[in-house]
Amino acid sequence: MNSDTQAYDVIVIGAGHAGCEAALASARMGCATLLLTIDMDKIASMPCSPSIGGMAKGQLVKEIDALGGQMAKITDSSAIQYKTLNTSKGPAVHSTRTQNDKGLYSRNMKAVIEQTRHLDLKQAMAHELRIEAQTVTGILDQTGFEYSAKAVVIATGTFLQGTVHIGATKIQAGRAGEFSSIGLARNLADLGFSVGRMKTGTPPRLHADTIDFSQFAVHPSDEALKPFSFSTKAVTNPMVPSYMGRTNSKTHEIIRQNLQHSALYGGHIKGRSARYCPSFEDKIVKFPERESHHVILEYEGLHTKEIYASGLGNSLPLEIQYQVVRSVKGLEAAKIMRPAYAIEYDYINPLELFPTLETKKIKGLFFAGQINGTSGYEEAGAQGLWAGINAACSVQKRPPFVLDRSEAFMGVMVDDLVTRGTNEPYRMFTSRAEYRLLLREDNADLRLSRIGNGLGLVDDEALKFCEDIQKQTQREIHRIKTLVVKPTEAVNAFLLERGTTPITNGVKLEQLLKRAELDYASLKALFPPPDPVPPRAEEQAEIEITYEGYIQRQQNEIKKYKDLERIRIPEHFDYTAAPGLSNELKEKLRQILPASLGQASRIDGMTPAAISVLMVAISAFQNRSKT
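Residues numbered from 1 in each chain as written. Predicted model: local features only at pLDDT ≥ 70, side-chain atom pairs only at ≥ 80, totals over all residues. Heavy atoms only, no water.

**Student:** What is the right way to look at unusual backbone geometry in this model?
**Tutor:** Most peptide bonds take the trans configuration, and most residues that are not glycine carry a negative phi. Positive phi outside glycine occurs at glutamine 134, with the angle close to 60°. Looking at the element boundaries, glutamine 134 is found in the loop between strand 8 (126-132) and strand 9 (135-141). Phi angles above zero are rare outside glycine, and lysine 397 is one such case at about 60°. Mapped onto the secondary structure, lysine 397 falls in the loop between helix 9 (377-395) and helix 10 (409-420). What makes lysine 397 exposed here is its relative accessible area of 74%. (Helix = DSSP H or I, 4+ residues; strand = E, 2+ residues; numbered from the N terminus. Buried < 20%, exposed > 50% of the residue type's maximum accessible area, 1.4 Å probe, protein only.)

Have a look at this one:
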C-alpha cells in the first residue's frame, strides 16, 4: 500500500441513485465515507426517464424517505409535475409519480452530498479491490492511488463493461458520452463472482420547437400536489404538462422493414432485456396485433428544449430513428437532439449476496443497484440505502439491518433478489408484495421511522410526529367504533341523499363508514370529532376501518409467515443431513444459504414436503449441537 493512501470507514463506488443513498446513509451514521464517481457533474444523473416513482416504485421512494434517505426530498425540490396513480383503486396500490427537472435533481443531490459531514466526494475510476483473507481492505483507482476502507459498496449502475449500441455501432460507455468501467468489471470476474450481461435502453430526445403539441392529448399535473417526502412543507417549482400520442401502422411498418438493422434483432446484443419495459422493436415483434402504442412526451427540465419521447426507445441507426419518429402524428418535423440507444452491462448474480447485500465471497463488500440485476432509479436508491446502512453497521459492529417482506416493499425486493435471483432486469411491482395493504405509501413513515431513528437517520422530532399521528389515529378509530348514530330524520335524509339505505335502529358510526356510498369526509360533516383531528390521522383511521377485515386477514397471514421466519437455520448446517431433499434442492440451499426456514420456503422448487424434511433435520442438528 503506498504512503499516500487515504483511510476511510466506508468507500462507495458510483454516485448514481444507489451510490448517493449508500454514501449519505453511511456518513450520517458517523462513518468516514468516500464517494467515488467517474464524473462529478453527473451525480444522481437521470439517464433515462425524467421521472421518479410510479406503481410500486412510489412506495420504495416513500420508504427511503421514512428511513432517513434523500431521494424523496430531492424529488420534491426538482419536481415539475405530480401524479397519484391508481386513485380509482384501493389505497394498497396508490402510487406517487413525478416528472422532474433532471439538471436540478442532479445539482440538488450534489449540493447535499458536498454539505454532509463525514462524506468526501472525489472524481476517480475504481480499478481494483484490495482483498486480504477474503476481506475487503480498500480500492485502487485507475491512476494507481489507493484508498483503504473497512467496507466497500459497489453501485456502478450500467458502467461495468458498458457498451452502447446504435444500430451496428458499438461504443464502450457506461452511458452515452461517459467512460465504461473495464478494470473493475474484470477484477470482479477474476475474484470468482458469477457475471452476466443485461440490456436496457433509452428513447430519443426531441427538440420541443420542432413538435406540433396540438396533435397530442395534454396531461397536466394533479391540482392537489402531494409531496413525496413526509417532511416537505411546500412545492415551489412551476408545474408543466406531459403529452400523449400514439404510433400508427406506418411507424410499425418502418420497424418491421428494418429489424435487421436493429442492434437488438441484428444479433449485436446478448444481454437479457426487461420484459416489463420493452423497446419499441420488441413491442412490434411481440405484439403484432397492436395497431398502435403510446408515445408520451415529457419535458426534461424547466429551462431546456429537450423532450423525452417515452415509448420510442430503440437501438436502430440514426437515419432510421428519424423515419420512426417522423411517422408519428405531430412529430413530422421533429429534430432528434440525442438518439435512442441500447446499453449492455455486467451484473452479478444476486444469489451471491446475504440479505444485508454483503457478498458471500468477500467480507465487507456490498453490492447495490443495477449490479444486482435490478432496473430503475427507485430500486437502486432503496438498495443503496440498505447497503450503506449495513456497511456502516458492519464497521460499527452493530446488528445488521434487514427488513422482512411484512415490513416494507424494499424488504420484498431484497428477499426476491437474494432468495430467487434474477436473470432479467428486476422491477418492483405491487403484486410482488403479499402484504401490500399494510405496506402502503401513506403509512411508510408510521411503519419505519422508529427503525430510522434507531439507526440515527431520522431525528427525534420526526419520530415524535409519527407517534403523535398514531395516537390520534387510534383515538379517532375508538370514537368511530363507539359512537352510536340514532335514526333521526336528519340522519336518514343524509343517508338517502347519498344513495344509501336509511337506518331504523341505532348503529355504530363504524358501520356507516364501511358503506361504499359513504366516506370519512361526509360523515365527519354530520358527526364531527370533539377536537380537531390532523388530516394524516383522519386518513389512517378511514383506511383502517374501511379495510379492517382485509387488514386482519393479512395480519393473520403475517403471523404464519413470522413463525417460519423465526426458525433460524444454523450457520454451518449440513444439508446432506436432510436425506429427504433432492440433490437439486440441496445445491440451491448450499448456494443461497437461507437464514431461516421462511427464506428457504421461497426458494424456487421448494415444496411443503421439503420444508417439513428440512425442519426435522434442523431440529435434529440443534439437538446434536447441544449434546
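**Student:** Help me out: how do you make sense of the nonpolar core in this one?
**Tutor:** Within soluble globular proteins, side chains that are nonpolar tend to cluster in buried spots. By size, the foremost hydrophobic cluster in this structure holds 93 residues, and its most contacted members are Ile11, Leu129, Val152, Ile154 and Met410. Here this core gets 11 residues from one element, more than from any other, and that element is helix 9. Setting aside chain neighbours within four positions, we find isoleucine 154 in contact with Ile13, Leu129, Leu184, Leu188, Leu365, Phe366, Phe367, Ala368 and Ile371. Counting residues in hydrophobic clusters, the runner-up holds 25 residues, among them Ile211, Leu297, Tyr299 and Ile320. (Core = buried A, V, L, I, M, F, W, Y, C linked by side-chain atoms within 4.5 Å. Contact = heavy atoms within 4.5 Å.)

**Student:** Would you mind going over the packing of aromatic side chains with me for this structure?
**Tutor:** The geometry of an aromatic ring pair is captured by the separation of the ring centres together with the interplanar angle, meaning the angle of the planes. Per the stated rule, a full pass over the model turns up nine aromatic pairs. An angle of 50° between the planes, with centres 6.5 Å apart, marks the rings of tyrosine 547 and tyrosine 550 as tilted. An aromatic cluster is built from Phe213, Tyr243 and Tyr299, whose rings are joined through pairwise contacts. (Phe/Tyr/Trp six-rings, centres within 6.5 Å; stacked < 30°, edge-to-face > 60°.)

**Student:** Please explain the packing of helix 11 (residues 444-455) against helix 12 (residues 460-482) as it appears in this structure.
**Tutor:** For any two helices packed against each other, the geometry is given by the interaxial angle and the distance between the axes. Relative to each other, helix 11 and helix 12 sit at 145°, their axes nearing to 9 Å. Read as a crossing pair, helix 11 and helix 12 show a hand that is left-handed. Across from Asp445, Leu446, Ser449, Arg450 and Asn453 in helix 11, the residues of helix 12 making contact are Asp460, Leu463, Phe465, Cys466, Glu467, Ile469 and Gln470. Each residue belonging to the contact of helix 11 with helix 12 can be placed in one class, and the counts come to five nonpolar, three polar and four charged. (Axes fitted to C-alpha atoms, helices over the stretch in contact; angles between N-to-C directions. Left-handed = near helix turned anticlockwise from the far one by under 90°. Nonpolar A, V, L, I, M, F, W, Y, C, P; charged D, E, K, R; others polar.)

**Student:** Got a minute to help me understand helix 2 (residues 57-66) in this structure?
**Tutor:** An α-helical segment advances 3.6 residues per turn. Residues three or four places apart therefore align on the same side. With 10 of 10 residues buried, helix 2 is to be regarded as a mostly interior element. Those residues of helix 2 that fall on the buried side of the exposure criterion are Lys57, Gly58, Gln59, Leu60, Val61, Lys62, Glu63, Ile64, Asp65 and Ala66. Glycine 68 sits one or two positions beyond helix 2 and adopts a positive phi of about 100°.

**Student:** Please clarify how the pattern of salt bridges should be interpreted in this entry.
**Tutor:** Where charged atoms from two side chains of opposite charge approach closely, those side chains can pair. Enumeration over the complete set of coordinates arrives at 43 salt bridges. Between lysine 110 and glutamate 114 there is a salt bridge; the shortest N-O distance is 3.8 Å. Pair noted here: lysine 110 and glutamate 114 are both in helix 4 (residues 102-115), with a separation of four residues, about one helical turn. Among the charged side chains, a salt-bridge network with shared partners connects Arg405, Asp415, Asp416, Arg420, Glu434, Glu565, Arg602 and Asp604. (Salt bridge = Lys/Arg side-chain N within 4 Å of Asp/Glu carboxyl O.)

**Student:** I'm lost on the pairing of strand 13 (residues 169-172) in this one. Help?
**Tutor:** Within a regular strand, the side chains alternate between the two sheet faces. Relative to strand 13, strand 12 (residues 163-166) is paired through four bridges, and the arrangement is antiparallel. When the sheet's bridge partners are listed, isoleucine 166 is paired in strand 13 with threonine 169. Count of turn residues in the strand 12/strand 13 antiparallel hairpin: two residues, of which glycine 167 carries a positive phi of about 65°. (Pairing = 2+ DSSP bridges.)

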